[in-house]
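Reading the structure
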Amino acid sequence: DGIFNTLIDGYATVRNEAEALRAFTRLKESGLVPNIRTFGPLMKLFAMEGKMGRVRELEDEMQLWGLEHNKVTLSTVMDGYVQLGEVQKAYETFKQLSGPRHRPDVVAYTNIIDAFAKGGDMDRALELLADMRRWGVKPNQSTWTVLIGGWGRQGNLQKAMETVREMRSSGLYPTVVTFQCIIQALCNTGQMVKAAAVVDEMEKVGVAPDIQLFTTLMDGYAQAGDVTRALEVFKKLKGMGKELDLQVYSALINALSKVGRMQSALAVVGELRAAGLRLNATVYNTLLDGWSRRGDVWEAAEVLEEMELDGVPPDVVSYTTFINACCKAGDMDKAVETFDLMRSKGIEPNLKTYTTLVDGWGSARFPNRAAAVYDEMLAAGLRPD
RNA sequence: AUCCAGAAAGAUAGCAC
């Protein structure tokens, strides 16, 4: 009976929205009745992308079929709000799970704890941890890792490590994700020596670092301006014979671009292509920024053109980066031209785009133009942060 | 081993610090 559900789930997993919806339509056209497992994957598909409007449509349709939310679908909805940073809405959804008939399970709790941890409200996160334990719901590795990640994001290594101890004393062991959260905390606080020590440590306790962890580490070195060590990590990864993905290459390209080593960055691009990977907008934007930092507006413009030719249309980050390059080079005409161009392509400038332009006019000593752009920003409904 | 419709981690832009 579940052939269409399986299909929908498969397409949802690979994020093929069109096919997933087509399978859903075919299910209904075949005279079959969708069930809660039909809706779950569809909701997840939209929730992951933050398309909560579409999620609500599915909720309505679910009702029409006489289906009620269960803990899985509600957790999915909650996760959508977490992705969007809408903590309050996430919490309201969470409360729907705490009716007289149901109690939130460990996934739901982990979800809501994650919402608060991501929002920086660790007090509330800990309250919910206490609450779940009060109800006899045992935190698992994900729950602990969410908390450790929350402390890590705040750069509170002390609390992060305390939480690791608490996790261990409850009989659970840190996973590679847990270690990665700790390493990220160390990187964010500039403690690269310790970060490297943690990697050694985890190898000793038998948790193998993976590509994502090495990417985090490389990025840490990049932020510290230590390209040499970033390159060492990359070489080590290659030596391990692991299959490298676009993000590792991208992190290295970023490390090189940030210090102006564009020829080396391009060499890495060559490697990436040789490995059968294609550049995406992030990688192109990284290169764009590299040229911008060198003050090379011409090369930056080349990258923009190349993106179009390669079928990777420039996005808001690309244009903002390029506008920044123009501003820094004192070419405000080109900056404004680009600003108009992006809008004509239907790409809405965001807060960073406006700030770049305002600042550009300011640096160029045209306070009136700066103020005009600022007003335009407000008129567009954007508030300065 | 269990589970597998739901939860945790990695790369790009501005200003301020």
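Just above sits the structure.
Cut-offs applied
- Residues numbered from 1 in each chain as written.
- Chains lettered and ligands numbered in written order.
- Predicted model: local features only at pLDDT ≥ 70, side-chain atom pairs only at ≥ 80, totals over all residues.
- Heavy atoms only, no water.
- Helix = DSSP H or I, 4+ residues; strand = E, 2+ residues; numbered from the N terminus.
- Buried < 20%, exposed > 50% of the residue type's maximum accessible area, 1.4 Å probe, protein only.
- Contact = heavy atoms within 4.5 Å.
- Areas by Shrake-Rupley, 256 points an atom, 1.4 Å probe, with all protein chains shown as cover.
- Polar contact = N/O pair within 3.5 Å; in protein donor to acceptor, adjacent residues only side chain to side chain.
- Salt bridge = Lys/Arg side-chain N within 4 Å of Asp/Glu carboxyl O.
- Expected span 1.5 Å × (residues − 1).
- Core = buried A, V, L, I, M, F, W, Y, C linked by side-chain atoms within 4.5 Å.
- Near = heavy atom within 4 Å.
- Phe/Tyr/Trp six-rings, centres within 6.5 Å; stacked < 30°, edge-to-face > 60°.
- Lys NZ or Arg CZ within 6 Å of the ring centre and 35° of its normal.

Here the focus is the overall build of chain A. A tally of helices and strands in chain A yields 22 helices and 0 strands. Dimensions along the principal axes, computed over C-alpha positions, put chain A at roughly 65 × 55 × 45 Å. Counting the 385 residues in chain A, one finds 44% classified as buried. Considering only residue pairs separated by 6 or more positions, chain A has 55% of its internal contacts joining residues 24 or more positions apart. Of the roughly 20,000 Å² of accessible surface on chain A, a fraction of 50% belongs to carbon and sulfur atoms.

So, about the side chain of Thr 73. Assignment of secondary structure puts Thr 73 in helix 5 (residues 71-84). Within the structure, Thr 73 has its side chain in polar contact with the side chain of His 69 (distance 2.8 Å). When neighbours within four sequence positions are excluded, Thr 73 is seen to be in contact with Ile 36, Gly 40 and Met 43.

Our focus in this paragraph is the pattern of salt bridges. Inspection of every chain in the model, using the stated rule, returns 22 salt bridges. Between Lys 345 and Glu 308 there is a salt bridge, and its shortest N-O distance comes to 3.1 Å. Pair noted here: Lys 345 is in the loop between helix 20 (332-344) and helix 21 (351-363) and Glu 308 is in helix 18 (residues 297-309), with a separation of 37 residues, a long-range link. Across the pair Arg 343 and Asp 340 runs a salt bridge whose closest N-O atoms are separated by 3.8 Å. With a gap of 3 residues between them, Arg 343 and Asp 340 both fall in helix 20, about one helical turn apart.

Now for helix 9 (residues 141-153). For an α-helix, the turn length of 3.6 residues means that residues three or four places apart are oriented alike. Its 13 residues give helix 9 an end-to-end C-alpha distance of 18 Å, which sits within 8% of 18 Å, the value for a rise of 1.5 Å per residue. Counted residue by residue, helix 9 has 10 buried out of 13 residues, so it is predominantly covered. Structurally, helix 9 contributes buried residues whose contacts are with helix 7 (106-118), helix 8 (122-134), helix 10 (157-169) and helix 11 (176-188). Where helix 9 begins, one side-chain oxygen reaches toward the backbone nitrogen of Ser 142, 3.0 Å away; that side chain belongs to Asn 140. Directly after helix 9, the chain includes Gly 155, whose backbone phi takes a positive value near 75 degrees.

Turning to the nonpolar core, a few remarks are in order. Among the nonpolar cores identified, the biggest contains 121 residues, and Ile 112, Leu 217 and Leu 357 are the most heavily contacted of them. Once residues lying within four places of it in the same chain are set aside, the contact partners of Leu 217 are Ile 183, Met 192, Ala 195, Ala 196, Val 199 and Val 233.

A separate point is the side chain of Asp 289. When you line up the elements, Asp 289 lands in helix 17 (residues 281-293). Overall, the relative accessible area of 14% leaves Asp 289 in the buried class. Beyond its immediate stretch of four places on either side in the chain, Asp 289 contacts Lys 258 and Thr 321.

All right, on to the protein's contact with RNA strand B then. Around RNA strand B, the structure places 58 residues, and the nearest of them are Ser 75, Asp 105, Gln 180, Ser 250 and Asn 285. At the protein interface, 44% of the atoms of RNA strand B within 4 Å belong to sugar or phosphate. A distance of 3.3 Å separates a base nitrogen of RNA strand B from a polar atom in the side chain of Arg 37. Here a base oxygen of RNA strand B and a side-chain polar atom of Gln 247 are 3.1 Å apart.

Our next topic: the environment of Ala 370. With respect to the element layout, Ala 370 can be found in helix 22 (residues 367-379). Separated by 11 residues in the primary sequence, Ala 370 and Asp 359 place their C-alpha atoms 6.9 Å from one another. Every residue in contact with Ala 370, bar those within four places of it in the chain, is listed here: Val 358, Trp 361 and Gly 362.

What the rule picks out here adds up to 7 aromatic pairs. Each ring, one from Tyr 91 and one from Phe 94, has its centre 6.0 Å from the other, and the planes form 20 degrees; the classification is stacked. Taken together, the residues Tyr 91 and Phe 94, both in helix 6 (residues 87-96) and 3 residues apart, mark about one turn of the helix. When sorted by exposure, Tyr 91 lands in the same class as Phe 94, which is buried. A residue is classified by how much of its surface remains accessible, and Tyr 91, at 18% relative accessible area, is buried. These aromatic residues form a ring-pair network of at least three members: Tyr 91, Phe 94, Tyr 109 and Phe 116. Lying over the aromatic face of Trp 135, Arg 103 brings its terminal NZ or CZ to 3.5 Å of the ring centre.

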